[in-house]
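What the coordinates show
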Amino acid sequence: MPKSNLQITAIGHATTLIQMGEQTILTDPNFSNRILFWKRLKKPGIEPKALPALSAILISNAHYDHLDIFSFKYFKSTIPVIVPKGLGKFVSRFLPNPVIEIPPWSHHVHQGVEIHALPVQHIGYRWIPIRNRPSAAYLLRSPEGNVYFTGATGYGKHFKETASLYPIDVALLPIAGYNPPWLHQKNNMNPEEAIRAIEDLKAKHLIPISWGSFLTLGEKQEEAKMWLERLVAEKNLSSKVHLLSPGEIWETKLTSPL
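Residues numbered from 1 in each chain as written. Predicted model: local features only at pLDDT ≥ 70, side-chain atom pairs only at ≥ 80, totals over all residues. Heavy atoms only, no water.

1. Things to note about the overall build of the chain
When helices and strands are tallied, the chain shows five helices and 17 strands. The C-alpha radius of gyration computed for the chain amounts to 17 Å, which stays within 12% of the reference 18 Å derived for 258 residues, consistent with globular compactness. With the C-alpha coordinates of the chain rotated into their principal frame, the extents come out at 50 × 40 × 35 Å. Here the chain holds 258 residues, and the buried ones make up 57% of them. Long-range pairs, those at least 24 residues apart, make up 66% of the contacts in the chain with a sequence separation of at least 6. (Helix = DSSP H or I, 4+ residues; strand = E, 2+ residues; numbered from the N terminus. Rg over C-alpha atoms; globule rule 2.2 N^0.38 Å. Buried < 20%, exposed > 50% of the residue type's maximum accessible area, 1.4 Å probe, protein only. Contact = heavy atoms within 4.5 Å.)

2. Regarding unusual backbone geometry
One non-glycine residue, Q111, adopts positive backbone phi at about 50°. Even without being glycine, K202 reaches a positive phi, approximately 60°. In this fold, K202 is placed in the loop between α4 (191-201) and β16 (205-209).

3. As for the side chain of N61
When you line up the elements, N61 lands in the loop between β6 (56-58) and β7 (81-84). Here the side chain of N61 touches S60 through a polar contact of 3.1 Å, side chain to side chain. A distance of 2.9 Å separates a polar side-chain atom of N61 from the backbone nitrogen of H63. Apart from the residues within four sequence positions on either side, N61 is in contact with H66, L67, L87, H122, G124, P134, S135, G151 and A152. (Polar contact = N/O pair within 3.5 Å; in protein donor to acceptor, adjacent residues only side chain to side chain.)

4. Topic: the pattern of salt bridges
A side chain of one charge can pair with a side chain of the opposite charge when the charged atoms of the two come close. According to the stated counting rule, one finds five salt bridges in the structure shown. For K204, the salt bridge is made with D169, and the minimal N-O distance between the two is 3.1 Å. Of the two residues, K204 sits in the loop between α4 and β16 while D169 sits in the loop between α2 (158-163) and β15 (170-174), which places them 35 residues apart along the sequence. Looking at K204, the relative accessible area reads 41%, which means it is partly exposed. With a shortest N-O distance of 3.9 Å, E222 and K225 are connected by a salt bridge. Judged by relative accessible area, which is 24%, E222 ranks as partly exposed. A network of salt bridges, in which partner residues are shared, links K42, E222 and K225. (Salt bridge = Lys/Arg side-chain N within 4 Å of Asp/Glu carboxyl O.)

5. Quick look at α4
Every α-helical turn comprises 3.6 residues, leaving residues that sit three or four positions apart pointing alike. Most of α4 sits out of view: eight of its eleven residues are buried. Taken together, the buried positions of α4 are P191, E193, A194, I195, A197, I198, D200 and L201. Of the surrounding secondary structure, the elements contacted by the buried residues of α4 are β14 (145-149), α2, β15, β16 and α5 (223-235). N-capping of α4 is provided by N190, with a side-chain oxygen placed 3.0 Å from the backbone N of E192. Directly after α4, the chain includes K202, whose backbone phi takes a positive value near 60°.

6. Re the sheet that holds strand β3 (residues 23-27)
With respect to topology, seven strands assemble into an open sheet ordered β8-β7-β6-β3-β2-β1-β17, the strand pairing being mixed. Each having just a single partner strand, β8 (99-102) and β17 (249-252) make up the two edges of the open sheet. Taken over all neighbouring pairs, the strand axes of this sheet differ in orientation by 20° on average, direction set aside. Across four bridges, the pairing between strand β1 (residues 6-12) and β17 is antiparallel. Of the residues in β17, the one forming a bridge with L6 is T252. (Pairing = 2+ DSSP bridges. Axes fitted to C-alpha atoms, helices over the stretch in contact; angles between N-to-C directions.)

7. A look at the sheet that holds β16
The strand order across the open sheet built from six strands is β9-β10-β13-β14-β15-β16, with neighbouring strands paired in mixed fashion. Among the strands making up the open sheet, the edge pair consists of β9 (107-110) and β16. Neighbour-to-neighbour, the strand axes of the sheet open up by a mean angle of 20°, direction not taken into account. Bridge analysis of strand β10 (residues 113-118) against strand β13 (residues 137-142) gives five bridges, and the strand direction is antiparallel. Residue pairing across strands places H116 opposite L139, the latter belonging to β13. Against the sheet, α4 contacts β14, β15 and β16, and its axis sits at roughly 150° relative to β15.

Here it is, written out as structure tokens:
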């Protein structure tokens, strides 16, 4: 990959590999075969041993599918783990890695990449003990482009608030986990809401995540994907929406101003 390019590889669920020039960032790593009661349906697109050297790891929330402690056995303990403000103490109980907390609307510069923590509409609780934990979206800003990532969120005003401050080249947004609506509507998005979200974000591209790798209660495995494909066809969004299966890569040479 030329150093001037932005490259994103889908690994599965909310796990993606973001390569921005010389920096390589992994999001919500999950390489486990099972999450509590849910068995993995698709193998990760990249095996952990095949990953390039990582600059940092992002954690968006404390749910078991996004903060999978077991997956960290594959990573060096020197890799910084970046978490929402208030989640650091919990993570440090299990991991020896350096942990960096970022408060909402603040940022941390890591090896030339600005990492901004932004608000989301999501409750990232753990069951043992049952306690709400903070969640965040992240905006990665570099000369190669600006990437917005959130592992889980409901649809809300935070998208327009973010767009008023930053240009966004590509948004990585979840599209599954919406059933039953009475339970999940405030915390997760369906494909139609994801399309509205990229309109609010004014993002040039959308890469849907958090679909297909694990069976979601009340949804068929490919339900969210097929729903989104219908919307893309109806709205003529094929140049903007990129549905990546595990292992597939999206790359752009577009450059955003910081």
